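# Inside the fold
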Amino acid sequence: MLRLIDLVKIYQTKDLKVEALKGVSLNFRKSEFVAILGPSGCGKTTMLNILGGLDHYTDGDLVINGISTKNFSSHDWDVYRNHRIGFVFQSYNLIPHQNILENVELSLTISGLSKKERVAKAEAALDRVGLAGMYKKLPNQLSGGQCQRVAIARALVNEPDILLADEPTGALDSKTSVQIMDLIKEISKDKLVIMVTHNDDLAKTYATRIVSLKDGEIVGDTNPFSDEDEAIETASLTPIDPSKEKAKMSFWTAFKLSGRNLWTKFKRTALITVASSIGIVGVATVLAISSGMTNYIDSQEDDMLSGYPITIAESGYDFSAILDMMDSSSASSALIESAKDGYINVDFLIEYLIQSANSAEDLLVSNEITEDYVKFVKDMDEDDYAAMNISYGIDVKNNIYTDMTMTRYDESTKVISEESGTYSVSGITSICKSMLETSELLANYASYLDQMVTVFDQAVPESEYVLNQYDVVATRDEKDPFPTAENEIMIVLDHNDMISDLILTELGYYSQAEFTDLVYYFLNEAGLAEKGWVIPDASDLKTSFSEEELLNKTFTYYPNDTVYDEISVMTTEETSLVYPAKEYHFQEEDSFSGGEQLIVKSILTPKDGINYGCLSSGLYFTEAFAHKFIAEGQNSQIVGAMNDSGLTSVYSGSYSLPTGLSLDYGITYTYDYYFDGANHTAKAYLGTSSSSVSYITLRQLGGMDTPSSIEIYPNDFNSKYLVTEYLDKWNAEGDITLSDGSVIAASSREEITYVDNLDVIITMINSIINIITYALVAFTSLSLVVSTVMIGIITYVSVMERIKEIGVIRALGGRKQDVARLFNAETAIIGLASGVFGIAVTYILQIIINIVIGSLSGIYTIAGLPWTTALICIGVSIALTLISGLIPASSAARKDPVEALRTE
């Protein structure tokens, strides 16, 4: 069955060569109890290790069932140990963190048996050695004799052909030794048992054959087995092909073994987990904040779509081009190439400024919005957008009049008094500007007043779209609160359900004196009031209005022919402009006719969560009113005069001029209203030393029926890209066929540039967030590197602690890959634990961060780690620990099993 042929084993060290076996030839029967006797160092343990496949011979041959092992692969030796050999060691070599059932099962696990088969066989093996019912006990809960019985059960559980015992009773007392030897004697009846011992009495009592060794040579054999008899016996045995048998530890087994080992060192494992999770916590927290900010921006995108629609305007700026220009480098003059070493060279900024100035012209967007283009835009799929607002650039503030209490100053009597009257909104706006100009601090803002407030602008016409973003605070019609008729207007509040003082003043809700009080009060609060000014008390300020006050305010619209009468053309070489022959009527006159009363139908306020509505705070008229204004404007005298002269703008008056002051253009202004209601002195009289004029364009007068701008509000971000893709078709080659069958030829189309500011904003914000995220992740990743190195060191320590376990696994038929897998599993467990713990800590930090940031900003979702990112972080943690454990695991796999079993 087993045959040694001229077996030689030489141990070679750097300076020494030791010949442990010197041409040993020996045959073994398939069932006998062979005791190998000899003094220490004679080679008996070396022979046992070679017979068990743990060590390999230098020369000669080991024949198993007639098969030479000279060409055995590592797999063949693993299978041989697992299926043919059972080891019983002097020191038991049980794995301490597994119970005895699992210790016995290990050999079967490597063989690939199912769980049910493993348990049944392991229990049967333990029952056979007298340990029934003790399956769940750990090795440290057993006596020495019981531990050796477990070792024997483990050796027998896979039903090997050969049992190898190395001093099986060396660590036992006499009584227990007898019990163990009786058990081994019983086993030898149907198996080959080879026992190494130095105890002559024990060998003579139990062995059926004693082989004596001395200095690596056989010096005695009490029952030799001839080559002829061995050949006859081998011929009767069934040949076995080791390549068809399995010896492989599953990753799950390795995982359980490593898990139990880590559990037995719980405190150390916990500390390692916490330490190695620091990097994951850092990276995950950065990603949580980045993701939270991105999600917050994404959540605002649909809202922002209404605040930043896709706009096609007659003129404007291409902000994406502006950003490209900002990203461009400085001057690149060829003069720079002539820079001299050792000198302070010149950076030619002038060149850069000139280049920038030239480039700035390219930033201006100029479009001609034709009827064909309007048809093209309207032909867009209605499913792609929620609303479309076609604006005509009209300015109706000169044509809208409302009641307001003004402060009048009588030049002759020097008396200041308040007087109610009906004034144009543009005139009231001029008064607001004049009041702001009383302070150097506010003077610069006066000229931008029209951009700061929204008064009489065209509302987005789609009621459903608007009312999805705005709640109705008050209305005259609960069933149909959205204004659509020519004479209906609406007021929109801001996100705090408030409306600005400037808007209220322009609309005549504040009197001139009340507005003046506000200006002086806040100038005084800022410490900027002039000495001698009379400052009102806070209790005297009007700080709120009832819904009824806002709704019941009336406005009257008068056409151009009423407010601009007796139009004639006056041109000079200097101006070449059209002037009204008489003054613009700042105050409503008795002669006014054709007026139409406008009523405030509703008051709207943004819904909760809407930060970028399609309407800013202000007052809005309807699309129907815009069409009426344009229709009447095109038939008005002033528009006719402008069209006849081919001019597009006319001068209208400035409303800050005192009584009797006339301009050189022949226009006399009759505005004698005093703007200071708080000081009550004549010295603050405004406009006495200045005169100015303003102008109004043909479009503002309603003289053009083509749109000045088109605003498109997509349904969502996906729809936005569909809208822009559609708009790009206008500039593409080829004819365009509309849904009604009409064709717009490419030759008739001028290029149109739309402005998508939101895309620029989102791209810029996301770029900033990404840059910050990359930087922070790179910084926090340093802790991951430290953790990786630490895990590598800890794994190496674990290898040193588990060397004997490595030897046991190899002795039971485990492969080198199985040993490596064992430690890879350990690092994977640590990585998994670290990742899970790190993610748990991150989610706790996320809650804290959101509470803190939320209390400061009102945004409670600034940190939000997606579960997918959390899983990726855990995966990264596992991957990094696996990488860190590759070198220690590889080192463990290369351990000599013989040396490993000798390690204490």
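Use the structure listed above.
Everything in this summary refers to the structure shown in the same document. On a predicted model such as this, the values are computed, not experimentally measured, just so you know.

### Some details on the environment of Ser 602
Position of Ser 602 relative to the elements: it lies in strand E23 (residues 596-606). Take Ser 602: its relative accessible area is 0%, and that puts it in the buried class. For the pair Ser 602 and Pro 481, spaced 121 residues apart in sequence, the C-alpha to C-alpha distance is 6.0 Å. For Ser 602, the contacting residues outside a window of four places in its chain are Ala 474, Thr 475, Pro 481, Ile 489, Met 490, Ile 491 and Leu 551. At a separation of 2.8 Å, a polar atom in the side chain of Ser 602 contacts the side chain of Thr 475.

### Some details on the nonpolar core
Counting 64 residues, the largest nonpolar core has Tyr 373, Phe 376, Phe 456, Phe 555, Ile 710, Ile 712 and Leu 727 as the members making the most contacts within it. It is helix H19 (residues 512-525) that provides the largest number of residues to this core, a total of six residues. Phe 376 has contacts with Tyr 726, Leu 727, Lys 729, Trp 730, Ile 736, Leu 738 and Ile 744, leaving out every residue within four places of it along the chain. Membership of the second largest hydrophobic core comes to 54 residues, among which are Met 1, Leu 51, Ile 95 and Ile 162.

### Observations regarding the sheet that holds strand E4 (residues 59-64)
Two strands in a sheet stick together by hydrogen bonds in their backbones, pointing the same way (parallel) or opposite ways (antiparallel). One open sheet accounts for four strands, arranged E2-E1-E4-E5; its pairing is antiparallel. Because the sheet does not close on itself, it has two edges, and the strands there are strand E2 (17-28) and strand E5 (67-68). As paired elements, strand E1 (residues 2-12) and E4 share five bridges and run antiparallel to each other. Bridging across to E4, Arg 3 finds its partner in Val 63.

### Considering the pattern of salt bridges
Using the criterion set out here, one finds 26 salt bridges in the structure. Put simply, Arg 118 and Glu 105 hold a salt bridge, and the shortest N to O gap is 3.2 Å. Taken together, the residues span a long stretch of sequence, with Arg 118 in helix H4 (residues 115-128) and Glu 105 in helix H3 (residues 100-111) at a distance of 13 residues. Of the two residues, Arg 118 and Glu 105, both sit in the buried class. Linked by salt bridges that have partners in common, Arg 29, Glu 32, Arg 209 and Asp 221 make up one network.

### Some remarks on the pairing of E1
Relative to E2, E1 is paired through nine bridges, and the arrangement is antiparallel. Along E2, the bridge assignment pairs Lys 9 with Leu 21. Counting the residues that bridge the hairpin from E1 to E2 gives four residues.

### Remarks on the sheet that holds strand E14 (residues 385-391)
The strand order across the open sheet built from three strands is E11-E27-E14, with neighbouring strands paired in antiparallel fashion. Of all the strands in the sheet, the pair left with one neighbour each is strand E11 (310-313) and E14. Shown here is a sheet whose adjacent strand axes are inclined to one another by a mean of 10°, direction ignored.

### Side note on a nonpolar patch on the surface
Nonpolar side chains collect at one region of the surface, where Ile 844, Leu 845, Ile 848, Val 852, Ile 853 and Leu 856 lie side by side and expose about 530 Å² of accessible area between them. Position of Ile 844 relative to the elements: it lies in helix H27 (residues 816-857). We classify Ile 844 as exposed; its relative accessible area is 52%.

### Points about the environment of Thr 294
Mapped onto the elements of the fold, Thr 294 is located in helix H10 (residues 266-307). Judged by relative accessible area, Thr 294 falls into the partly exposed class, the value being 24%. Separated by 475 residues in the primary sequence, Thr 294 and Ile 769 have C-alpha atoms spaced 7.9 Å apart.

### With respect to the packing of helix H9 (residues 251-264) against H27
Axis separation between H9 and H27 bottoms out at 8 Å; the angle between their running directions is 60°. One element, H9, and the other, H27, form an angle in the oblique class. Seen from above, H9 lies across H27 with right-handed handedness. Residue-level inspection shows Phe 251, Ala 254, Phe 255, Leu 257, Ser 258, Gly 259, Asn 261 and Leu 262 of H9 in contact with H27, the latter providing Arg 821, Leu 822, Ala 825, Glu 826, Ile 829 and Ile 830. Here the contact of H9 with H27 is composed, by residue class, of nine nonpolar, three polar and two charged.

Rules behind the numbers
- Residues numbered from 1 in each chain as written.
- Predicted model: local features only at pLDDT ≥ 70, side-chain atom pairs only at ≥ 80, totals over all residues.
- Heavy atoms only, no water.
- Helix = DSSP H or I, 4+ residues; strand = E, 2+ residues; numbered from the N terminus.
- Buried < 20%, exposed > 50% of the residue type's maximum accessible area, 1.4 Å probe, protein only.
- Contact = heavy atoms within 4.5 Å.
- Polar contact = N/O pair within 3.5 Å; in protein donor to acceptor, adjacent residues only side chain to side chain.
- Core = buried A, V, L, I, M, F, W, Y, C linked by side-chain atoms within 4.5 Å.
- Pairing = 2+ DSSP bridges.
- Salt bridge = Lys/Arg side-chain N within 4 Å of Asp/Glu carboxyl O.
- Axes fitted to C-alpha atoms, helices over the stretch in contact; angles between N-to-C directions.
- Patch = residues over 30% accessible without salt bridge, like charges linked within 9 Å, V, L, I, M, F, W, Y side chains within 5 Å.
- Areas by Shrake-Rupley, 256 points an atom, 1.4 Å probe, with all protein chains shown as cover.
- Parallel < 35°, antiparallel > 145°, perpendicular 65-115°, else oblique.
- Left-handed = near helix turned anticlockwise from the far one by under 90°.
- Nonpolar A, V, L, I, M, F, W, Y, C, P; charged D, E, K, R; others polar.

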